[in-house]
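Fold and contact review
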Amino acid sequence: MKHSLFIADLHLCAERPQTTLIFEDFVRHTASGAEALYILGDLFEYWAGDDDLADPHHARIAHLLAELSGSGTAIFILPGNRDFLMGEAFVTASRARLLSEPARIDLYGTPTLLMHGDMLCRDDTAYLAFRAMVRQPDWQAAFLARPLAERKAEIEALRRRSERDKQLKLAAQMDVHSGEVAAVLRENGYPRLIHGHTHRPARHLHRVDGHDCERWVLGSWHEHGSYLRCDAAGCAAIQI
Ligand code: LP5
Ligand code: MN
């Protein structure tokens, strides 16, 4: 049966080789049977710019995706808060297509909205202010003009700060806001939303303006692999 797969929050990096091995196995033996693979953000621990494709681990992942695409599975990448600096060079090397957020697709007859999920965390105001700054094209051009080693050091400092800040935030503050979920479904069409980011895999039901909607939250790959498989009959979450 024709089907598509959805993943997010793999946070791949050379320091976690086991996750990369699980991902390679998933791509070669599971994703290869799908019509399409949608990567909804945070494929990498972080992405400092496409010049980091020279890193052997990054090149290995791009090559793996290019092989999958060459074998007939379409690959779509919607970048997350860790890898929004992914550009044309990475998607070309991976033979993937870049999606901008929110992306609307027709998934076997069901209108489906795809997001990373960070934009839905309306109560995380410190993060949203930071996000607004780093998503500006001018800010990104200035950042990318700096030497790669400097950018990586800056991002690692930011990662440490982010981990510290998260300790001070309430769990609810870092979850999606149901009002924001209703707003995006209203603006972009009902009835299905798929996203990641919160690392709280689940299927939620929402009633929005009289429409029964479903929201699938993808799991992270920290403990084990996880993906969502959708076909004309619906979606199912699967753990590897
Ligand atoms: O990533 P995760 O899920 O652990 O936490 C996120 C939010 N944190 C982030 C930061 C990333 O983890 C760091 C990697 C980003 C790489 C991007 C590269 C380009 C940018 C480089 C800038 C130097 O996204 C976290 C949320 C959490 O999700 C839950 O939703 O809470 O947000 C934070 O912790 C952010 C702080 O609240 C605010 C930080 C303000 C920092 C201001 C200094 C900016 C310095 C810029 C220097 C050029
Ligand atoms: Mn994220």
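In what follows, the accompanying structure is described. Model, not experiment: these values are computed from the prediction. (Residues numbered from 1 in each chain as written. Chains lettered and ligands numbered in written order. Predicted model: local features only at pLDDT ≥ 70, side-chain atom pairs only at ≥ 80, totals over all residues. Heavy atoms only, no water.)

Points about the layout of surface pockets
Space left empty within the atom packing is revealed by a probe, the size of a water molecule, rolled over the atoms. Here the largest pocket is characterised by a volume of approximately 960 Å³. Around the largest pocket, the lining comprises 37 residues; the ones closest to its centre are Asn81, Tyr127, Phe130, Arg159 and Ser162. Taken together, the elements giving at least two residues each to the lining of the largest pocket come down to helix H4 (125–134), helix H5 (137–144) and helix H6 (148–168). Considering only residue class, the lining of the largest pocket consists of 15 nonpolar, seven polar and 15 charged. Counted as a void, the second largest pocket has a volume near 230 Å³. Lining the second largest pocket are 13 residues, and of these Cys13, Ala14, Glu15, Tyr46 and His58 lie nearest its centre. Those elements giving two or more residues to the lining of the second largest pocket turn out to be helix H2 (56–70) and H6. By residue class, the composition of the lining of the second largest pocket is five nonpolar, two polar and six charged. (1 Å grid on protein atoms, 1.4 Å probe; cavity = no way out; pocket = protein on both sides within 12 Å on 5 of 7 lines; lining within 4 Å. Points joined across faces, edges and corners; volume = space filled by probe spheres on them. Helix = DSSP H or I, 4+ residues; strand = E, 2+ residues; numbered from the N terminus. Nonpolar A, V, L, I, M, F, W, Y, C, P; charged D, E, K, R; others polar.)

Considering the pattern of salt bridges
Scanning the model with the defined rule gives 24 salt bridges in all. Between Glu67 and Arg28 there is a salt bridge, with the nearest N and O atoms lying 3.8 Å from each other. Residue Glu67 is found in helix H2, and its partner Arg28 is found in helix H1 (residues 17–29); the two are separated by 39 residues along the sequence. Relative accessible area serves as the criterion here: at 38%, Glu67 is assigned to the partly exposed category. Of the charged contacts, one joins Glu150 and Arg146 as a salt bridge, the two residues approaching to 3.0 Å between their closest N and O atoms. Here Glu150 falls in the partly exposed class, since its relative accessible area comes to 40%. (Salt bridge = Lys/Arg side-chain N within 4 Å of Asp/Glu carboxyl O. Buried < 20%, exposed > 50% of the residue type's maximum accessible area, 1.4 Å probe, protein only.)

Things to note about the coordination of the manganese ion (ligand 2)
For the manganese ion (ligand 2), the protein coordination sphere consists of Asp42 (OD), Asn81 (OD1), His116 (NE2) and His197 (ND1), at 2.1 to 2.3 Å. Donor residues for the manganese ion (ligand 2), ordered by position in the chain, follow D-x38-N-x34-H-x80-H. Linking Asp42 in the loop between strand S2 (36–39) and H2 with His197 in the loop between strand S7 (192–195) and strand S8 (202–208), this pair joins segments that are 155 residues apart in sequence. Of the two residues examined, Asp42 and His197, each falls in the buried class. (Donors = N, O, S within 2.8 Å, 3.2 Å for Na, K, Ca; no water.)

Points about the site of ligand 1
Taken together, 23 residues lie around ligand 1, and Arg82, Asp124, Arg159, Lys166 and Lys169 are the ones closest in. In the environment of ligand 1, an oxygen atom lies 3.5 Å from a nitrogen or oxygen atom belonging to the side chain of Asp165. The side chain of His197 places a nitrogen or oxygen atom 2.8 Å from an oxygen atom of ligand 1. The site holding ligand 1 turns out to be the largest pocket. Counting residues per element, the shell around ligand 1 draws most heavily on H6, at nine residues. Split into classes, the residues belonging to the shell around ligand 1 amount to 11 nonpolar, three polar and nine charged. (Near = heavy atom within 4 Å. Polar contact = N/O pair within 3.5 Å; in protein donor to acceptor, adjacent residues only side chain to side chain. Sits in = over half its atoms within 2 Å of the grid points.)

Comments concerning the nonpolar core
Counting residues in each nonpolar core, the largest one holds 35 residues, and the members touching the most others are Ile7, Phe23, Phe26, Leu43 and Phe90. Elements with a minimum of two residues in this core: strand S1 (4–7), H1, S2, H2, strand S3 (74–77) and helix H3 (88–94). If one sorts the elements of this core by residue count, H2 sits on top with five residues. If you look at the next biggest cluster of nonpolar residues, it comprises 19 residues, including Ala103, Ile105, Ile194 and Cys235. (Core = buried A, V, L, I, M, F, W, Y, C linked by side-chain atoms within 4.5 Å.)

A look at the sheet that holds strand S5 (residues 103–107)
Read across the open sheet, the five strands follow the order S5-S6-S7-S9-S8; overall the sheet is mixed. Only two strands of the sheet have a single partner each, and these edge strands are S5 and S8. Here the average twist between neighbouring strands, direction ignored, is 25°. (Pairing = 2+ DSSP bridges. Axes fitted to C-alpha atoms, helices over the stretch in contact; angles between N-to-C directions.)

The values reported here are purely geometric and, on their own, carry no functional implication.
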